[in-house]
Amino acid sequence: MEELVMEEPALQSAPGEAEHPSLALANSAVALPGGHTADLLGTPARAEQWLAQRDLAPADAGLAEVCAALLRSLREQVRSLLASRVAGQAALPAAVTAINDAMTRVPTASLLLWDEKGPYRATPHPTTAIVEHALAAIAADAADLLTSPDSTRLTACASPPCNRFLLKHGRRQWCSTRCGDRARAARAYARRTPMD
């Protein structure tokens, strides 16, 4: 049985997370050595903090558990799509549908608005739809990532038990220095240990 680690691990961002919030979302459930896991969206407060750090919601949004659950659900669908892309397999139709539903749930066109200063255009963003707007932005990013030239650089971290995704740069196969060090140490140990 996996043990849940509640505090956020001190992990470097995986390559590509800064440019792609969908990649950061996929990596927000982290498998750690020793059978431990960390869920950066495990509570409404942590989900709110995660969204605020990426400018997808205000820090005082007051998210409820239902909102955090929606974010975790989208994470699983994005992870499914990234895993399918990395494996070169067909995506699950439910995952594709979830991304399309999230993208089309909110208006994306700037509307004409008028106040005492005159006319202007803005995309409505009522506080009751903060999570829907965040989900739409993340889903659109996932669609962009999966259809862009960057998708050929998408890979899974090569250091078990890590379950994070990254965009490869050169020969790098790990999401962080820590995972790279762990993989190199495992290889060195395997070379020194006689085989039975």
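Please refer to the structure placed before this passage.
**Looking at the environment of Arg-54**
Move 1: Here Arg-54 lies in the loop between α2 (44-53) and α3 (65-87).
Move 2: Taking relative accessible area as the criterion, Arg-54 reaches 29% and is therefore assigned partly exposed.

**Remarks on a nonpolar patch on the surface**
Move 1: On the surface, Leu-111, Leu-113 and Tyr-120 cluster together to form a nonpolar patch covering roughly 240 Å² of accessible area.
Move 2: Following the sequence through the fold, Leu-113 ends up in strand β4 (residues 111-115).
Move 3: A relative accessible area of 32% places Leu-113 in the partly exposed class.

**Let's talk about the pattern of salt bridges**
Move 1: Here the structure, examined in full by the defined rule, presents five salt bridges.
Move 2: Close ionic contact of Arg-75 with Asp-39 constitutes a salt bridge, the shortest N to O distance being 2.7 Å. Separated by 36 residues along the polypeptide, Arg-75 in helix α3 and Asp-39 in strand β3 (residues 36-39) bring together distant segments of the chain. Neither residue differs from the other here; Arg-75 and Asp-39 are each classed as buried.
Move 3: A salt bridge links Arg-75 to Glu-76; the nearest nitrogen and oxygen atoms lie 3.3 Å apart.
Move 4: For Glu-76, a relative accessible area of 41% puts it in the partly exposed group.
Move 5: Residues joined in a network through salt bridges with shared partners are Asp-39, Arg-75 and Glu-76.

**Focus: unusual backbone geometry**
Move 1: Between Pro-160 and Pro-161 the backbone carries a cis peptide bond, its omega angle lying at 5°.
Move 2: Counting through the fold element by element, Pro-161 comes out in the loop between β6 (154-156) and β7 (165-167).
Move 3: Positive phi is not limited to glycine here, since Asp-55 has a value of about 55°.
Move 4: Among the structural elements, Asp-55 can be located in the loop between α2 and α3.

**Some thoughts on the packing of α3 against helix α4 (residues 93-104)**
Each pair of packed helices gets described by two things: the angle between the helix axes and the distance between those axes.
Move 1: Look at α3 against α4: their axes get within 9 Å of each other, and the N-to-C directions meet at 125°. Classified by the angle between their axes, α3 and α4 sit oblique to one another. Judged by the sense of rotation from one axis to the other, the crossing of α3 with α4 is left-handed. From α3, Leu-74, Gln-77, Val-78, Ser-80 and Leu-81 reach across to α4, where they touch Ala-94, Ala-95, Val-96, Ala-98, Ile-99 and Ala-102.
Move 2: When the residues that make up the contact of α3 with α4 are grouped by side-chain class, the tally is nine nonpolar, two polar and no charged.

**Notes on α3**
Move 1: Taking 1.5 Å as the rise per residue, α3 with 23 residues should run 33 Å; its terminal C-alpha atoms sit 33 Å apart, in good agreement.
Move 2: Turning to α3, its buried residues number three or more, namely Cys-67, Ala-68, Leu-71, Arg-72, Leu-74, Arg-75, Val-78, Arg-79, Ser-80, Leu-81, Leu-82 and Ser-84.
Move 3: Phi turns positive one or two residues past the end of α3, at Gly-88, with a value near 70°.

**With respect to the nonpolar core**
Move 1: Of all hydrophobic cores here, the largest spans 33 residues; its most connected members are Trp-50, Leu-51 and Leu-71.
Move 2: Taken together, the elements giving at least two residues each to this core come down to α1 (21-26), α2, α3, α4, α5 (130-147) and β7.
Move 3: Looking at this core, the element that brings in the most residues is α5, giving eight residues.
Move 4: If you look at the next biggest cluster of nonpolar residues, it comprises seven residues, including Cys-162, Trp-174, Cys-175 and Cys-179.

**What to know about α4**
Move 1: Its 12 residues give α4 an end-to-end C-alpha distance of 16 Å, which sits within 8% of 16 Å, the value for a rise of 1.5 Å per residue.
Move 2: Within α4, burial applies to Ala-95, Ile-99 and Ala-102. Taken end-on, α4 shows its buried residues confined to a sector of 65°, consistent with a single buried face. Every exposed residue of α4 that faces more than 90 degrees away from the buried side is listed here: Pro-93, Ala-94 and Thr-104.
Move 3: Of the surrounding elements, those touching the buried residues of α4 are α3 and α5.

Definitions and cut-offs
All residue numbers refer to position in the chain's written sequence, counted from 1. Local features in this predicted model are restricted to residues of pLDDT 70 or higher, and side-chain atom pairs are both shown and tallied only at a pLDDT of 80 or more, whereas totals for entire chains, interfaces and linings draw on every residue. Excluded from the side-chain calculation are hydrogens and water; included are all heavy atoms of the structure. Helix and strand definitions here come from DSSP, where helices need a minimum of 4 consecutive H or I residues and strands a minimum of 2 consecutive E residues; each element is numbered from the N-terminal end. Relative accessibility decides the category of a residue: with a 1.4 Å probe and only protein chains considered, values under 20% of the type maximum give buried, values over 50% give exposed, and everything between is partly exposed. Patch membership requires over 30% relative accessible area and the absence of a salt bridge. Like charges are linked within 9 Å, and nonpolar side chains (Val, Leu, Ile, Met, Phe, Trp, Tyr) within 5 Å. Computed with a 1.4 Å probe, the accessible areas rest on the Shrake-Rupley method; for each residue, only the protein chains presented here act as cover. Salt bridge criterion: a side-chain nitrogen from Lys or Arg within 4 Å of a carboxyl oxygen from Asp or Glu. Note on geometry: axes are C-alpha line fits, over the in-contact stretch for helices, and angles between N-to-C directions span 0 to 180 degrees. Roughly parallel means an angle under 35 degrees; roughly antiparallel means over 145; roughly perpendicular covers 65 to 115; every other angle is labelled oblique. Handedness of a crossing follows from how the near helix is turned relative to the far one, being left-handed for an anticlockwise turn of less than a right angle and right-handed for a clockwise one. When checking whether two residues touch, look at their non-hydrogen atoms; a contact exists if any pair is within 4.5 Å. Residues are grouped as follows: nonpolar covers Ala, Val, Leu, Ile, Met, Phe, Trp, Tyr, Cys and Pro; charged covers Asp, Glu, Lys and Arg; every other residue, Gly included, is treated as polar. The length a helix should cover is 1.5 Å for every residue beyond the first. What we call a nonpolar core is a set of buried Ala, Val, Leu, Ile, Met, Phe, Trp, Tyr and Cys residues that are connected through their side-chain atoms within 4.5 Å. Working definition: the arc comes from the directions between the helix axis and the C-beta atoms, pointing outward to the latter.

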